[in-house]
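# Coordinate analysis (summary)
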Number of protein chains: 2
Amino acid sequence: MHFRCQKKDLVEGISTVQKAILGKSPMAVLEGIYIETGANEIIMRGSDIDLSIETLVSSSILEDGRIVIDSKLFGDIIRKLPDATVEIATMENNTILISCENSEFNLLYLNAEEFPMLPEIGNREKISIREDVFRNLIKATSFAVAQDESRPILMGVLFEVKNKVLNMVALDGFRLALRSEYLESNEDLSVVIPGKTLNEVSKILGDKNELLYISFNENHILFEVQNTKVVSRLLSGSFIKYESIIPTDYKLQFKVKRAHLAQSIERASLMAKEGSSKLIKLQIENDRAVITSNSQFGKVKEEVSVHMEGDAIEIAFNANYLLDTLKVMEEEEILLEMTSSVSPAIIKNTVVDNCIYMVLPVRLTR
Amino acid sequence: MHFRCQKKDLVEGISTVQKAILGKSPMAVLEGIYIETGANEIIMRGSDIDLSIETLVSSSILEDGRIVIDSKLFGDIIRKLPDATVEIATMENNTILISCENSEFNLLYLNAEEFPMLPEIGNREKISIREDVFRNLIKATSFAVAQDESRPILMGVLFEVKNKVLNMVALDGFRLALRSEYLESNEDLSVVIPGKTLNEVSKILGDKNELLYISFNENHILFEVQNTKVVSRLLSGSFIKYESIIPTDYKLQFKVKRAHLAQSIERASLMAKEGSSKLIKLQIENDRAVITSNSQFGKVKEEVSVHMEGDAIEIAFNANYLLDTLKVMEEEEILLEMTSSVSPAIIKNTVVDNCIYMVLPVRLTR
C-alpha cells in the first residue's frame, strides 16, 4: 500500500471514523482504523461492531493495499504533522512509513483481514432529509433516552414514519420527548435506533444543508452523508405505545417565556438537595409561577409571570428534567398543561405544533 | 449588614477572592467568603491561611456589618442572577436575604469573627512593576518549580533584586529557569515566593498595563493591584546558589527556529515511551538536528535545520522538559549550548539577553 494525501483531509477522515472507535476493545483490531486504497481515494473505517463509520479521503494511490493502524497513535501523529502532503507506504516487518516534510514515522500495523466488513443494507428505498433538520430532531429527542440498561429498548429513539410524517420519540420512565417533521416517503415504518448512534451521527452532520440519506434492512440502519457512511445495529423489540401515555386533557394551561422559566428553575435548583432528585416546587396562581426550593443551607423563591387558563396548581419536579426539555426547545413562548400534582405535565410550542414533551412530577410527601 | 451593588461587579469580586479559597478546609470559615461593609464599597476576602486575597466592590451601604458566606454556593447563585442590582441584607436566624429582580435567596451565614485578618506588612518600601511585565516573569519561570515536597524551598520562585535588576529563578533538580528585568529599586533583596501564590497572582493581573506594587516583611509578601490585595506567606530557608550551577562554557552552540524545534520534539515525543521520562534523542551534526525516538509501537525521525558552531553531539532529553521551556520563550530564533551528553544544556534568546534556561540530559544506557 502506498498513497499520498493532504494532511487536513486525512485529519478530517480520522476524526470522522474515530467516532465509532471506543478505545479499549477485546478485539485489538477494533482499536484501529481500517485503511484501504480505492481508485482516487482511500477508504477509512472505524467500528465497535454495533456502529461502523466509513469515509473517503481523496488521495493519489501509488500501490494498492489495506492495513489497520492504531487509532489513537495514528490520529495523534497525523494531527501534529505540518499542513502539507502526507505520504504513507507499507514497509517490511509489518510497518508503515509516514512521511511529511522533515518527519518520518515507522509504525506497526495490524492485519486488515480481521477487520469487520460494513454490514450490507441492500437496495432498499432511501429516505432523504436535510442534515440540519435531522440534527435538530436528534437534539430535540435523544436527551430523553434511558441511561440504565434495565429496559434496553428505551436506550433507543423510536423512528416512526406514518403518512409522510416522521415522529422521533424517546422516553425513560420519567419524561418523554416527541418531535415530528414532514417527510417525503411512500412507505410507513417503525424502527428503534440506539441513542449512542444518533449522537455520533449528529456530530458528523455538517452545517451545509445537504441531504442525508437513510435506509434500513431488518437489523441495520445506514446513514449516508456526502463521503461518509454510518451503519448501526437497530434495537430489537417493540417500543412502548407512546401515544396512549400522553394525556390530551388538562385542568390548567399556561403560557410562559421559555428563557425566564428556564433561568428561574436553574437558580432555584442551586438550592435543591443534591442527589437523584433536584426537587423544586411550582405554585401557579394568579398569572404567576412561584418556584421554591430549600435545603439545609437555605431557601429560594423565584417568580415568573405567566398567562394562565384554568385551575391553580401546586406541583413538584426534578429540576433537571424540566431544564433538559426547556434547553432543547426553540420557541420564545411555550405552553404548559397540567392536571394535578400527581399527573404528568405537558410542554409544547405555542406557534409550530411539532413537539410534545412530557415530564412526570415528583410526589410530595407531607 | 445591608448593601446594594451591581451583579457584574459582585461576580468579579467573587472570582477574585475565590482564587485563595481551596474548597474543603478543616476550618469551616475558610470555605467561605468574608464580606465587610466599608464606606462606599464592600470588602471581600478569601483565605487559605498561606494565601489571602482581598478586593473591593463598590456598593451602596445601607447598614454596616460583616459576615462569612459559603464561597461555592454564594458564587453559583450570584453568577446565575440577572444582570441587575443585587441587594443583600442580614435577617433573623443567621441568614442573609439576597434579592435581585424576581429572585430571593435565604442563606445561612457564618460568624465573621473567626475569619483570619489580613497579615500586616507595615510601611516598607514598595517595588512597582508593570502588570504585564510581572505576568511574563511568572510565566517564564514558575513552570520549573519543583512539584514534590521533598525540598520545600524549591516549590517557590526566587525573587532577587540586585543592582536594579530583578532575577526570578525556579529549579527542580532537572531544569532551571531564570528570567531578569530592570527594576527601579534602591534596595537589594532576596525572598522565595510560593509557586502557587505566583500562579494565582498571575490570574489576577489584568491586561491593562497598570502598575503592580509589591512589598514585604520578614514572613509575608503583599501584592497590590488596583482594588485588590494579595498577601502570601514567603518560604523560609535559603534558595540554592543558582549562579554556581549554570555552566558558562560549551563545546557546541547552535541557533534554531524555536517553533520548528518545538513542533519536531512534540511529534517525536508521541512515539516516546509513556511514563516518567519521555525520552528523545538529539543528534546535532552538519547544521542539522536529527531527533529520534522509539517504543514498542514504532519509531520516529525528525530533522530540523540549525546553524551550528563547535562539535557534533548526541544527547538525550525528557521531551517534556524541553517543550516546557520552548513554550514559554518568545523569540523566533533561540540559541542552545551543549558540552557533552552528560552535561546540562543551556537555552537562551538570540536577541534580548533576559533569560537562561538549563535542562539536564538523560544519560543513555547502551
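Remember, it's a predicted structure, so these values are computed and weren't measured experimentally.

## A look at the packing of helix α3 (residues 131–141) of chain B against helix α4 (residues 195–204) of chain B
All names here are of chain B. As a packed pair, α3 and α4 sit with axes 10 Å apart at the nearest point and diverge in direction by 140°. Taken together, the axis directions place α3 and α4 in an arrangement best described as oblique. Regarding α3 and α4, the two cross each other, and that crossing is left-handed. On α4, the residues touching Phe134, Arg135 and Ile138 of α3 are Leu198, Asn199, Val201 and Ser202. Split by residue class, the contact of α3 with α4 holds four nonpolar, two polar and one charged.

## Considerations on the packing of aromatic side chains
Residues and elements named next belong to chain A. Following the criterion strictly, the structure yields twelve aromatic pairs over all chains and no others. Ring pairing ties together the aromatic residues Phe134, Phe159, Phe216 and Phe223, which thus form one cluster. Over the ring of tyrosine 34 we find arginine 45; its NZ or CZ atom is 4.6 Å from the centre of that ring.

## Re the environment of valine 145 of chain A
Residue and element names in this part refer to chain A. Mapped onto the elements, valine 145 comes out in the loop between α3 (131–141) and β10 (156–162). On the basis of relative accessible area, valine 145 is assigned to the buried category, the value being 6%. For the pair valine 145 and glycine 173, spaced 28 residues apart in the sequence, the C-alpha separation amounts to 9.5 Å. Excluding its chain neighbours within four sequence positions, the residues that come into contact with valine 145 are Leu154, Met155, Gly156, Val157, Ala170, Asp172 and Gly195.

## What to know about the relation of the copies chain B and chain A
Rotating chain B by 180° about the axis while translating it 0.0 Å along that axis superimposes it on chain A, leaving an RMSD of 0.0 Å. These values place the two chain copies in the arrangement generated by a two-fold rotation axis. The fraction of interface residues of chain B whose copies in chain A are also interface residues reaches 100%, indicating that both copies meet through the same surface.

## Describing the packing of helix α1 (residues 7–18) of chain A against helix α2 (residues 71–80) of chain A
A packed helix pair is summarised by two numbers, namely the angle formed by the two axes and the spacing between the axes. Residues and elements named next belong to chain A. For the pair α1 and α2, the least separation of the axes is 10 Å and the interaxial angle reads 150°. It follows from the interaxial angle that α1 and α2 lie roughly antiparallel. Our pair here, α1 against α2, has a crossing hand that is left-handed. In this structure, α1 contributes Lys7, Leu10, Val11, Ile14, Ser15 and Gln18 to the contact, and α2 contributes Ser71, Lys72, Phe74, Gly75, Ile78 and Arg79. Class assignment of the residues belonging to the contact of α1 with α2 gives a composition of five nonpolar, four polar and three charged.

## Examining helix α5 (residues 258–271) of chain B
All names here are of chain B. Over its 14 residues, α5 runs 21 Å from end to end, which matches the ideal 20 Å to within 8%, given 1.5 Å per residue. Most of α5 is tucked away, with ten of its 14 residues classed as buried. Along α5, the positions that sit buried rather than exposed are Arg258, Leu261, Ala262, Ser264, Ile265, Arg267, Ala268, Ser269, Leu270 and Met271.

## What to know about the environment of valine 256 of chain B
All names here are of chain B. Counting through the fold element by element, valine 256 comes out in strand β17 (residues 252–257). Since its relative accessible area comes to 1%, valine 256 is described here as buried. Separated by 65 residues in sequence, valine 256 and tyrosine 321 place their C-alpha atoms 17 Å apart. Once you skip the residues sitting within four places of it in the chain, valine 256 turns out to touch Leu261, Val304, Ser305, Val306, Glu332, Glu333, Ile334 and Leu336.

## Let's talk about the domain arrangement of chain A
Residue and element names in this part refer to chain A. The domain boundaries assigned to chain A delineate domain 1 (2–114), domain 2 (127–244) and domain 3 (246–359). Each of domain 1 and domain 2 has a C-alpha centre, and the two are 30 Å apart. Taken together, the eleven residues of domain 1 in the interface contact twelve residues of domain 2. Three residues stand out in domain 1 for area buried against domain 2, namely Lys19, Asp50 and Leu51, and they jointly supply 48% of the buried area on that side. At the junction of domain 1 and domain 2, the tally comes to one salt bridge. Scanning the region where domain 1 abuts domain 2 turns up six residue pairs in polar contact (both at pLDDT 80 or more).

## What about the pattern of salt bridges?
One pass over the full model with this rule turns up 42 salt bridges over all chains. In this structure, glutamate 243 of chain A and lysine 162 of chain A form a salt bridge, with 3.2 Å as the shortest nitrogen-oxygen distance. Residue glutamate 243 of chain A is found in the loop between β16 (228–233) and β17 (252–257), and its partner lysine 162 of chain A is found in strand β10; the two are separated by 81 residues along the sequence. Overall, lysine 162 of chain A belongs to the partly exposed group, its relative accessible area being 33%. Here glutamate 303 of chain B and arginine 288 of chain B are joined by a salt bridge, their closest N and O atoms 3.0 Å apart. Here arginine 288 of chain B lies in strand β19 (residues 288–295) and glutamate 303 of chain B lies in strand β20 (residues 298–305), a separation of 15 residues in the sequence. Residue classification places glutamate 303 of chain B among the partly exposed positions, given a relative accessible area of 24%.

## Description of the sheet that holds β10 of chain A
Residues and elements named next belong to chain A. Taken in spatial order, the nine strands make up an open sheet running β13-β10-β11-β12-β25-β24-β23-β17-β21, and their pairing is antiparallel. Only two strands of the sheet have a single neighbouring strand rather than two, namely β13 (189–194) and β21 (307–310). Strand after strand, the sheet turns through a mean of 15° between neighbouring axes, direction not considered. In this sheet, strand β25 (residues 355–359) lies alongside strand β24 (residues 345–349) in antiparallel orientation, the contact comprising four bridges. In the strand pairing of β25, isoleucine 347 is matched with tyrosine 357. The strands touched by helix α5 (residues 258–271) within the sheet are β17 and β23 (333–338), with β17 carrying the most contacts at an inclination of about 90°. Here helix α6 (residues 319–328) sits on the sheet in contact with β12 (175–182), β23, β24 and β25, set at roughly 170° to β25.

What counts, and where the lines are drawn
One numbering rule holds for all chains: residues counted from 1, following each sequence as written. The order in which chains are written sets their letters, starting at A; the order in which ligands are written sets their numbers, starting at 1. Per-residue local features are limited, in this predicted model, to residues with pLDDT of at least 70; the limit for side-chain atom pairs, both in listing and counting, is 80 or more; totals at the level of whole chains, interfaces and linings are taken over all residues. As a rule here, side-chain values come from all non-hydrogen atoms in the structure, and water together with hydrogens is ignored. Angles shown run from 0 to 180 degrees and are taken between the N-to-C directions of axes, each axis being a line fitted to C-alpha atoms and, for helices, limited to the stretch in contact. Secondary structure elements follow DSSP: runs of H or I of four or more residues count as helices, runs of E of two or more count as strands, with numbering from the N terminus. For classification purposes, angles smaller than 35 degrees are called roughly parallel, those larger than 145 roughly antiparallel, those between 65 and 115 roughly perpendicular, and all remaining angles oblique. It is the rotation of the near helix from the far one that decides the hand of a crossing: anticlockwise by less than a right angle makes it left-handed, clockwise makes it right-handed. Only heavy atoms matter for contacts: two residues are in contact if any of them lie within 4.5 Å across the pair. Each residue gets one label: Ala, Val, Leu, Ile, Met, Phe, Trp, Tyr, Cys and Pro are nonpolar, Asp, Glu, Lys and Arg are charged, and the others, such as Gly, are polar. A pair of Phe, Tyr and Trp rings is counted when the ring centres sit within 6.5 Å of each other, with Trp represented by its six-membered ring. The angle between the planes then sorts it: under 30 degrees is stacked, over 60 is edge-to-face, the rest tilted. Lysine NZ or arginine CZ positioned within 6 Å of the ring centre and within 35 degrees of the ring normal marks a charge as sitting over the ring. Whether a residue is buried, partly exposed or exposed follows from its accessible area with a 1.4 Å probe, protein chains only, as a fraction of its type maximum: under 20%, in between, or over 50%, in that order. Superposing copies: least-squares fit, C-alpha atoms only, residues required to have pLDDT of at least 70 in both. Take the residue count of a helix, subtract one, and multiply by 1.5 Å to get its expected span. Domain borders in the structure are assigned automatically or taken from a domain database. Put simply, buried area is how much 1.4 Å-probe accessible surface two parts lose in total, over both of them, once they are put together. In what follows, salt bridge is the name for a side-chain nitrogen of Lys or Arg lying within 4 Å of a carboxyl oxygen of Asp or Glu. Side-chain atoms alone can form a polar contact between residues adjacent in sequence; in general such a contact is a pair of N or O atoms within 3.5 Å, and within protein one must be able to donate a hydrogen while the other accepts it. Here, a strand pair is defined by DSSP locating no fewer than two bridges between the strands.

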